[in-house]
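Observations on chain architecture
Listed here are the chains, written in short residue letters.
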Amino acid sequence: MTDCYIYDAVRTPRGKGKPNGSLHEVTAVELARQTLCAVRDRNQLDTSLIDDVVLGCVDPIYEQGGDIARTAVLHADYAETVSGVQINRFCASGLEATNMAAAQIMSGQADMTIGGGVEMMSRVPIGASGGAWTTDPQVTFNTYFVPQGISADLIASKYGFSRDDVDSYAVESQKRAAHAWEEGYFANTVVPVKDINGLTLLDHDEHMRPETSMQSLAALEPAFTLMGTQAGFDDVAIQRYPEVARIDHVHHAGNSSGIVDGAAAILLGNKEAGKAAGIKPRARIRNFATIGSEPCIMLTGPSYVTEKVLKRAGLAVGDIDLYEINEAFSAVVLRYMQVLGIDHSKTNVNGGAIAMGHPLGATGAMILGTLLDELERRDLTTGLVTLCIGSGMGAATIIERV
Amino acid sequence: MSYKNFNIDIDKDGIALVTWDMPERSVNVVDAVAAAEFVALIEQFKTDAQIKGVVLTSAKQVFCAGLDLQMLKHEGGELADSSTKEEDKIKSTFDSVQRMTKFLRALETCGKPIVAALNGLALGGGLEIALACHYRVVVNDPRLKLGLPEVTIGLLPGAGGTQRLPRLIGVEKALPMLLQGKSIDPQTALKLGLVNKMVSADKLIDEAKHWLREEGNPVQAWDEKTFRVSGGKPTQTGEQLFAMGNAMLRAKTKGNYPAPHYIMSCVYEGVSVPIDAGLRIESRYFAKLFLRPESKNMVNSLFINMQALGKGARRPQHVPPSKIAKLGVLGAGMMGAAIAHVSARAGMKIVLLDSELKLAEKGKAHVAAQVDRAIERGRANESQKQILLDSIQPTSDYADLKECDLIIEAVFEDKSIKAEVVKQAEAQFTKETETVFGTNTSTIPITELAQASIRPDKFIGVHFFSPVERMQLVEIIISKTTSEETLAKTMDYVAALRKVPIIVNDSRGFYTSRCVSTYITEGQLMLMEGIDPVLIENLGIMAGMPMPPLALNDEVALDLSYKIYQQYKADLGEKFTATAASDLIENMVVKHKRLGKKNGKGFYDWPSDPKGVKKLWHGLADIAPVTKRIDDIDIEELKRRLLYIQTIEMVRCVDENVITDLRDADIGAILGWGFAPFTGGPASFIDMIGIERFVAEADELAEKYGERFAPPPLLRDLASKQTPFLQALNKN
């Protein structure tokens, strides 16, 4: 098998996913274009070396619809020989896109590819593309469908995470993210978003609230109580997990991932392609995997896929220097660390989506870049990135510095 | 042309007034003949140039009560098929239901405008006919019911109901009607847009003809090119409505009821495509549903058998009908007052007797309070209240009982107290007095109580369920000495109350109390095995029971369970063996003073505020520590235990001749203690599982958990002959 290397990783800063967010005036294709341009320009890359661009997008409809990857390639003025494809593995799409792009290289079918993703949540609302999973009675009945917030609360209820536990985790995420920004740990990867005249629209993650404290979080009402009790979702969850007496609704906007706009791109290639382009590899994609898990609790996939990918890599939990697990909800990370016995000091060391936000289609590629930066900064070798996924899945990738 | 079911009268404007009038029946229903004539009628509408428009109405008090139940029978019914191959059966059911659907489709596309003039109730297929008309006029009578109740007997409206109703009134408004099966009155129907016009009875036909003359559009809205269903196509814009609707539905059904689930799919899939495709989708789900055992059993029990029992199928036919004009009620407590209430409501004169006049009057005041509540909810008025209260005579004088046709005692559940009131009442009578004496005991064998009577042939058990106002069942208990006349009179009384009787022979706990107690006990035994009470309770509900076993025990009171155990001990002497369950109850009641809901402390801590949330008592952790891990538990097996133990007790009742008609077993279980209705009742449940498999699984449970699961010989015998359980009592 051919080795696949990461040559570069870029991401936009994350804008608040609301009409008053700094990126709200930017189209999705423009945001994706700016990451592709950054990859080209930072590496003075002849884009005709690139075979394919794979972008994740979770609601590929309206302006994000119709193969936004190829559209962004054209918009970025890449060589017309560069093809593009949009893929969807819900919240892990950004990582999945990278894995698929890497797979083309590892299987010897391509030499240089880009993986990444884009999601303009302020412009194309979450869930806009619909889908049978959440709606079709024939599907929802047998899969005990509940929305993710209920699943997160179910995890907390089943595995015993209190409101204090999930809030403490959120406070720490904010603290770490703020620290990382202050110290410039993200500087290498974040490319400011510019307007058509080159004026800067946003150069930092604007969802962060570094002043967050246990007191400020305590004031927030749980977000999913009404949905759980009035729309019957709590009952559905309990029918699937009858050992749970009641769903404790502990999650709210402050301990769940933020809704934001953002895009990311990872430049991948085999050794020869890097040489031809005159660029240096930063890390090797060692292994990746996906898995399906029980769809009602939905968000427990990361531990299963981690076990799977570690086994495939011949590694143990302790062999991984740093973990990045997407902070979809506090309880997802807490359960992940609990079941695998991983210390918080090795996990999400620079914060995560609770502080900085989760632009669905892009996040996987974003946190892969974060992990790589931090391995380099600490001069460590091996890192693992994983995300929980709607409808019960997990995706994970192990990278190794070279 | 002339028809057996329909009169047709064409006026000078060319408007055909078609009056449905089924010969030899009091209501119109859709049977095979009516359906065939309907097809011919539609052909006439289409081809007869003289006819410009049609008014469809009925000569009966009702417009149409829906499909004839003969059509729904699985054996020999119109929709059934004798094929043994499952796919042939499905095909044949699909074809049959498509024929129905197609003739209604032909009606709405015949090119002539059709008005449904709804002079009386239109339910099920009856309303579906009206929905296939181009205009609906209804009589302004609040008692007139319109609805699609199919779901309540495990079916779905298969003649276009799931397609036309959402297209007519919008998906969001249609779903509750389709999923709950509740009927609505004309005023509500008008507001929903289900009917176009509401008029007084004398103007009904004029109004219908008026529309035909003035507008008379023969094209349904959904056949117009510009048609858009209110709320949009479910597959495109139904995300919110269906994501939540599906969850709310599952929260209610626990996944046990396929009918509402399929109805959701009919609407979701069918309303997103043109109506002809939608109607085919509906027919496909109907065929699939019709052949599911839940549907088959629910139709059989909740429709066919329930109706039969309600109409007195088990009444000794040779005894002439009787009327209860005057009823004596002994004991004016909650139960006595409630019996007085429902009986007065049925037009009887009531003598309400208690040991002191004051107590009898208190009972009457209780009735008054109940009626006041009904008035508050708009379900009764002041004049009805007055008539009702005037018919109740409170007294402490046994001589007032003299003219009663029937006496029901509802005094304290104690053998000697009951014997005493029997004696005092009977002192008013001679051996020849016709008055029947009924006892509303739930636990004391009536053969023992009858010993206090000088007229044991007139002595019978009349077991009401609480709350009497709401519970439809009456369990009639006959002893060896009860006469057929006594039984017939008691059944006439129950019929007058519009309740459903079952008849059982005397036994400790009779039928209902005996079976339901096994459910409660099984929950207690699981608790003592170290299973998390949270799990036990949730599984009780998921198995289809209306209440979890431990909560149910709290409701009926733990000290009552304790007393029953004490009574067994006294009666059985050395033969009584304590079980983990009886020890648990003793521990709860004697040591921890936890009596159940009545003192706020049972397996749960009950909140004093009725809106509060009850919580499992933390002390259970010491009495019955949880030792079984969830991952080591077979959840399906626990659910099976909760239903099988009741079912096996039912079989014992059959074996011991307590139950002599399996319709009583099924209906008594569903109406009496809410035994998982989707099964059709415990007797039908055995055949739903398959008798051989049921016996094998019961054997397995007996091996693991004790002899209480051992299949009685009757069951084993039937299984060995591969005879369905429902044929157990068939006379050869």
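Residues numbered from 1 in each chain as written. Chains lettered and ligands numbered in written order. Predicted model: local features only at pLDDT ≥ 70, side-chain atom pairs only at ≥ 80, totals over all residues. Heavy atoms only, no water.

1. Focus: the environment of A:Thr397
All names here are of chain A. Defined as follows: Only DSSP runs of H or I reaching four residues or more are called helices, and only runs of E reaching two or more are called strands; each is numbered from the N terminus. Relative accessibility decides the category of a residue: with a 1.4 Å probe and only protein chains considered, values under 20% of the type maximum give buried, values over 50% give exposed, and everything between is partly exposed. Here, residues are in contact when the closest pair of their heavy atoms is within 4.5 Å. Here a polar contact is recorded for every N or O atom pair within 3.5 Å, except that within protein the pair must consist of a potential hydrogen donor and a potential acceptor, and residues adjacent in sequence are included only if both atoms are side-chain atoms.
With respect to the helices and strands, the residue Thr397 is situated in strand β12 (residues 393-401). Look at Thr397 and you get buried, because its relative accessible area is 0%. With near-sequence residues (within four places) excluded, Thr397 lies in contact with Leu95, Asn99, Ile285, Asn287, Phe288, Gly383, Leu384 and Val385. There is a polar contact of 2.8 Å between the side chain of Thr397 and the side chain of Asn99.

2. A few points about the packing of aromatic side chains
Operational definition: A pair of Phe, Tyr and Trp rings is counted when the ring centres sit within 6.5 Å of each other, with Trp represented by its six-membered ring. The angle between the planes then sorts it: under 30 degrees is stacked, over 60 is edge-to-face, the rest tilted. Geometrically, a charge over a ring is one whose NZ (Lys) or CZ (Arg) sits within 6 Å of the ring centre while staying within 35 degrees of the ring normal.
Evaluated as defined, the whole model comprises 25 aromatic pairs over all chains. For the ring pair B:Phe6 and B:Phe38, a centre distance of 5.4 Å and an interplane angle of 80° mean the geometry is edge-to-face. On the criterion of sequence distance, the pair formed by B:Phe6 in strand β1 (residues 6-10) and B:Phe38 in helix α1 (residues 32-47) is long-range, its members being 32 residues apart. No difference in accessibility class separates B:Phe6 from B:Phe38, as the two residues are buried. The ring of A:Phe186 has A:Arg11 lying over it, and the distance from NZ or CZ to the ring centre is 5.4 Å. When the ring centre of B:Tyr705 is taken as reference, the NZ or CZ atom of B:Arg641 above it lies at 3.9 Å.

3. Observations concerning the interface of chain A and chain B
Heads up, the condition is: Two parts placed together each lose some accessible area; with a 1.4 Å probe, that loss summed over both constitutes the buried area. A pair is scored as a salt bridge if a Lys or Arg side-chain nitrogen falls within 4 Å of a carboxyl oxygen belonging to Asp or Glu. Throughout, the ten residues Ala, Val, Leu, Ile, Met, Phe, Trp, Tyr, Cys and Pro are labelled nonpolar, Asp, Glu, Lys and Arg are labelled charged, and all others, Gly among them, are labelled polar.
Between chain A and chain B, the contact holds 28 residues from the first and 30 residues from the second. Carbon and sulfur atoms make up 61% of the surface buried where chain A meets chain B, a total of about 2,300 Å² over both sides. For the chain A face of the interface with chain B, the top three residues by lost area are A:Phe141, A:Gln239 and A:Pro242, together amounting to 30%. Where chain A packs against chain B, one counts zero salt bridges. If you look at where chain A meets chain B, you find twelve residue pairs in polar contact (both at pLDDT 80 or more). Here the side of chain A that touches chain B is built from residues that sort into twelve nonpolar, eleven polar and five charged.

4. Digging into the sheet that holds strand β4 (residues 114-118) of chain B
Residues and elements named next belong to chain B. Filter applied, for reference: The pairing criterion is simple: DSSP has to find at least two bridges between the two strands. The axes used here are C-alpha line fits, helices contributing only the stretch in contact, and every angle between their N-to-C directions lies in the interval 0 to 180 degrees.
The strand order across the open sheet formed by six strands is β1-β2-β3-β4-β6-β8, and the pairing between neighbours is mixed. Looking at which strands have only one partner, the edges of the open sheet turn out to be β1 and β8 (197-199). When the angles between neighbouring strand axes are averaged without regard to direction, this sheet yields 20°. In this structure, strand β6 (residues 135-139) lies alongside β8, joined through three bridges in parallel fashion. Residue Val137 lies in a different strand from β8, and its bridge partner there is Lys197. Strands β1, β2 (15-20), β3 (53-58) and β4 of the sheet are contacted by α1, whose axis makes an angle of about 15° with β1.

5. Comments concerning the pairing of β2(B)
Residues and elements named next belong to chain B. Worth spelling out the cut-off: By convention, orient the strands away from the viewer: a clockwise path from the first strand over the helix to the second makes the crossover right-handed.
Judged by how many residues are buried, β2 sits mostly within the fold: six of six residues are covered. Burial of the side chains of β2 extends over both faces: Ile15, Leu17 and Thr19 are buried on one face and Ala16, Val18 and Trp20 on the other. Pairing geometry for β1 and β2, over five bridges, is antiparallel. What sits directly across from Asp9, in β2, is Leu17. Between the antiparallel neighbours β1 and β2 lie four residues, among them Gly14 with a positive phi of about 80°. Read from β2 through α1 to β3, the crossover connection turns out right-handed.

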